[in-house]
Amino acid sequence: MTRPALEVADVVRQYGAAYLARYGSTVSPEQHRALRAIALCRTAALGGHATQCEQCGHVEITYNSCGNRHCPTCPGRAQAAWLAAREAELLNVPYVHVVFTLPHLLSPLALQNPRVLYTLLLQAVAETLLTVARDPHHWGADIGFLAVLHTWGQTLHHHPPLHCVVPGGGLSPDGTQWIACRPTFFLPVRVLSRVFRRRFLTLLHQAYTEGALRVEGQCHTLTHPAQWQQFLAPLRATEWVVYAKPPRGGPGQVLKYLARSTHRVAIAHRRLLALEDGQVTFRWKDYAHGNRQRLMTLDAVEFIRRFLLHILPAGFQRLRHYGLLANRGRQAKLARCRELLQQAVSPTPPVPPATQAPPAPDQPAAVCPACQRGRMCWVETLHRQPDLCARWMQPPGWDTS
Ligand SMILES: [Zn+2]
Ligand SMILES: [Zn+2]
């Protein structure tokens, strides 16, 4: 596999030390782990294996991946296995995409309390969608949906939108009918927005009174209850952004969307253009101005700081299932939906094999990239090198090739 010309890892290796010197006291253990994993990914430090062509003797070395979910080099295989499982669960109906966004005023609090705020966001959105859909004035159905949390905007600033993918129909409350949503109308976004705002702020206030929120640094004034109420006032008064795209795509489009979005990290390598004199240049899409492609240049340390804003708390799942699709009872509920929709069960496609493990004896070996004739055979396991692992931050100019 060819490596991109510039990777986040290059920035981390060269400027990780400078970043830690400036921000070390505020770095969380997850952020530290991610930095180290990204820097070591697919280098000799993690070990690997060597294969050799049985005809011309050409040798190829493959180093192991870090497997960290925030590493831009790694997500491929996890994504393939995960998508295969999702494909088997999709119903053959149009799907609606609904996006819920937290107001920017909440960003400092979310960055200090990512686990609490993201959990409240998911909870508030789930309660909003399920309650409004169940209301006989709107839809009168029990629905299900997938929610994917993204925390970034195009320039890596903090911007937590929750993307929900909702099958355009649901079960009647007694479970005897499939109620399809009208093709031109999903749920009134104004109602969703109000219910979401009220629910989220109630949960947030509850977390505050229970002492579950950290309010330090730029948020320290919020320790006074009067200031806290002042902080909530504009949040109660503004409209919260919720939008629904009309139901267009079927299962195929949903899969494509999930493939693009669920195992993503804050920036893909193809958007990185240059690392020169301590400055990183990358491409971004200006959604506010007709999706124009623009370039941004940031100080490398600032680039790392922004990248790390999007490291999720350990064990926090970016994607969740709710309602009919909730993990508990999903198979039975999906079977009922399929029966009502007279839809056959889709077979679970096989999970693709790992790309980096040495080929199993019964697996066809790769063809030699040098002579294009011989087969590449496994010759040696390369062990992990703890001394290299310990030195993951390298001075500028270190050659990784
Ligand atoms: Zn990796
Ligand atoms: Zn060969």
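So, how was this worked out
- Residues numbered from 1 in each chain as written.
- Chains lettered and ligands numbered in written order.
- Predicted model: local features only at pLDDT ≥ 70, side-chain atom pairs only at ≥ 80, totals over all residues.
- Heavy atoms only, no water.
- Pairing = 2+ DSSP bridges.
- Helix = DSSP H or I, 4+ residues; strand = E, 2+ residues; numbered from the N terminus.
- Axes fitted to C-alpha atoms, helices over the stretch in contact; angles between N-to-C directions.
- Salt bridge = Lys/Arg side-chain N within 4 Å of Asp/Glu carboxyl O.
- Buried < 20%, exposed > 50% of the residue type's maximum accessible area, 1.4 Å probe, protein only.
- Donors = N, O, S within 2.8 Å, 3.2 Å for Na, K, Ca; no water.
- Tetrahedral: all angles 85-135°; square planar, octahedral: opposite > 155°, others 65-115°.
- Contact = heavy atoms within 4.5 Å.

**A few points about the sheet that holds strand E2 (residues 59-63)**
- The antiparallel open sheet is built from three strands, whose spatial order is E2-E1-E13. The open sheet has two edge strands, E2 and strand E13 (376-382), and neither has a second partner. Strand after strand, the sheet turns through a mean of 25° between neighbouring axes, direction not considered.
- Where strand E1 (residues 48-53) meets E13, six bridges bridge the pair, whose relative direction is antiparallel. Its bridge partner lying in E13, glycine 48 is registered against leucine 382.

**What to know about the pattern of salt bridges**
- The tally for this structure, following the rule as stated, stands at ten salt bridges.
- In this structure, the salt-bridge partner of arginine 199 is glutamate 127, at a minimum N-O distance of 2.2 Å. In this pair, arginine 199 sits in helix H6 (residues 189-209) while glutamate 127 sits in helix H5 (residues 114-134), placing the two residues 72 residues apart along the sequence.
- A relative accessible area of 28% means that arginine 199 is categorised as partly exposed.
- The residue glutamate 216 makes a salt bridge to arginine 214 at a minimum N-O spacing of 3.1 Å.
- Using a relative accessible area of 44% as the deciding quantity, one classes arginine 214 as partly exposed.

**Topic: the coordination of the zinc ion (ligand 1)**
- Summarising the metal site, the zinc ion (ligand 1) is bound by the protein donors Cys41 (SG), Cys66 (SG), Cys71 (SG) and Cys74 (SG), whose distances to it range over 2.3 Å.
- Viewed at the metal, the four donor atoms of the zinc ion (ligand 1) are separated by angles of 103 to 115°, and the geometry they form is tetrahedral.
- Here the donor residues for the zinc ion (ligand 1) map to a single chain with the spacing C-x24-C-x4-C-x2-C. Of the two residues, cysteine 41 is situated in the loop between helix H2 (29-40) and E1 and cysteine 74 in the loop between E2 and helix H3 (76-87); the sequence distance between them amounts to 33 residues. The pair formed by cysteine 41 and cysteine 74 is uniform in burial state, with each residue classed as buried.

**So, the environment of valine 367**
- Mapped onto the elements of the fold, valine 367 is located in the loop between helix H10 (330-341) and E13.
- Spatially, the C-alpha atoms of valine 367 and cysteine 53 are 8.1 Å apart, while their sequence positions differ by 314 residues.
- When neighbours within four sequence positions are excluded, valine 367 is seen to be in contact with Gln372, Arg373, Gly374 and Met376.

**Thoughts on the side chain of asparagine 68**
- With respect to the helices, strands and loops of the structure, asparagine 68 is situated in the loop between E2 and H3.
- Residue class for asparagine 68 comes out buried when judged on its relative accessible area of 17%.
- The contacts of asparagine 68, once residues within four sequence positions are left out, are Arg33, Ala34, Ala37 and Cys74.

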